[in-house]
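Below are the chains, spelled out letter by letter.
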Amino acid sequence: MSKICEEKGFDVESLDYRRLPTNERVTKLNNYLMNLSRPYILVGTSMGGYVSAVAGLSNDPMGIFLISPAVYMDGYAEAELEKLNCPVTVVHGWRDDIVPVDNVIRFAQTAKADLHVFDGGHRLREKLSETESCFIQFLQNCRRQYPELSLRSVANQ
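Cut-offs used in this document
Residues numbered from 1 in each chain as written. Predicted model: local features only at pLDDT ≥ 70, side-chain atom pairs only at ≥ 80, totals over all residues. Heavy atoms only, no water. 1 Å grid on protein atoms, 1.4 Å probe; cavity = no way out; pocket = protein on both sides within 12 Å on 5 of 7 lines; lining within 4 Å. Points joined across faces, edges and corners; volume = space filled by probe spheres on them. Nonpolar A, V, L, I, M, F, W, Y, C, P; charged D, E, K, R; others polar. Helix = DSSP H or I, 4+ residues; strand = E, 2+ residues; numbered from the N terminus. Buried < 20%, exposed > 50% of the residue type's maximum accessible area, 1.4 Å probe, protein only.

The subject of this paragraph is empty space enclosed by the protein. Following the criterion strictly, the structure yields 1 cavity of 30 Å³ or more and no others. Estimated volume of the largest cavity: approximately 40 Å³. Lining the largest cavity we find Tyr 50, Val 71, Tyr 72, Met 73, Tyr 76, Ala 77, Glu 78, Ala 79 and Leu 81. A breakdown of the residues in the lining of the largest cavity according to their chemical character gives 8 nonpolar, no polar and 1 charged.

Phi is mostly negative for residues that are not glycine, and the peptide bonds are mostly trans. Even without a glycine there, the phi angle at Ser 68 is positive, about 45°. Relative to the elements of secondary structure, Ser 68 occurs in the loop between β3 (63-67) and β4 (88-93). Despite not being glycine, Tyr 72 shows a phi value in the positive range, around 55°. Relative to the assigned elements, Tyr 72 resides in the loop between β3 and β4.

What follows deals with helix α3 (residues 47-57). Along an α-helix, a turn takes 3.6 residues, which lines up residues three or four apart on a common side. Most of α3 is tucked away, with 9 of its 11 residues classed as buried. All buried positions along α3 are accounted for by Gly 48, Gly 49, Tyr 50, Val 51, Ser 52, Ala 53, Val 54, Ala 55 and Gly 56.

Below is the structure:
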């Protein structure tokens, strides 16, 4: 996804979360976002999707793009995800054996997100081109929303 961002003129930052528990990942992202002086989008996969969604509650991203987000999972704090106040796009696989598709449907409904569910697994490797198409459309929508701005994408994996 970072290659697509760069091709579309977005800067990309990817935070290093190795060995950090989930709540510390959210804190690290929140601290990072406090210092940004220009608009940004959040991109996250799996646990990084959960981190992006939770951070989106207390920050002001232009949009959030999530792939197989680990929402409503045991061991993760419940967040008021219905209070997200920006465009959200979610891509998920019907055959995801890690994050149940019902969790993601519930999240998409509460967050009023655009939801794309493909016949794929957790990583959606078999649906890469479809996922990339959704991401390109998401970036184009962000660009149309603020055409004059240089945007930063913060990737969370």
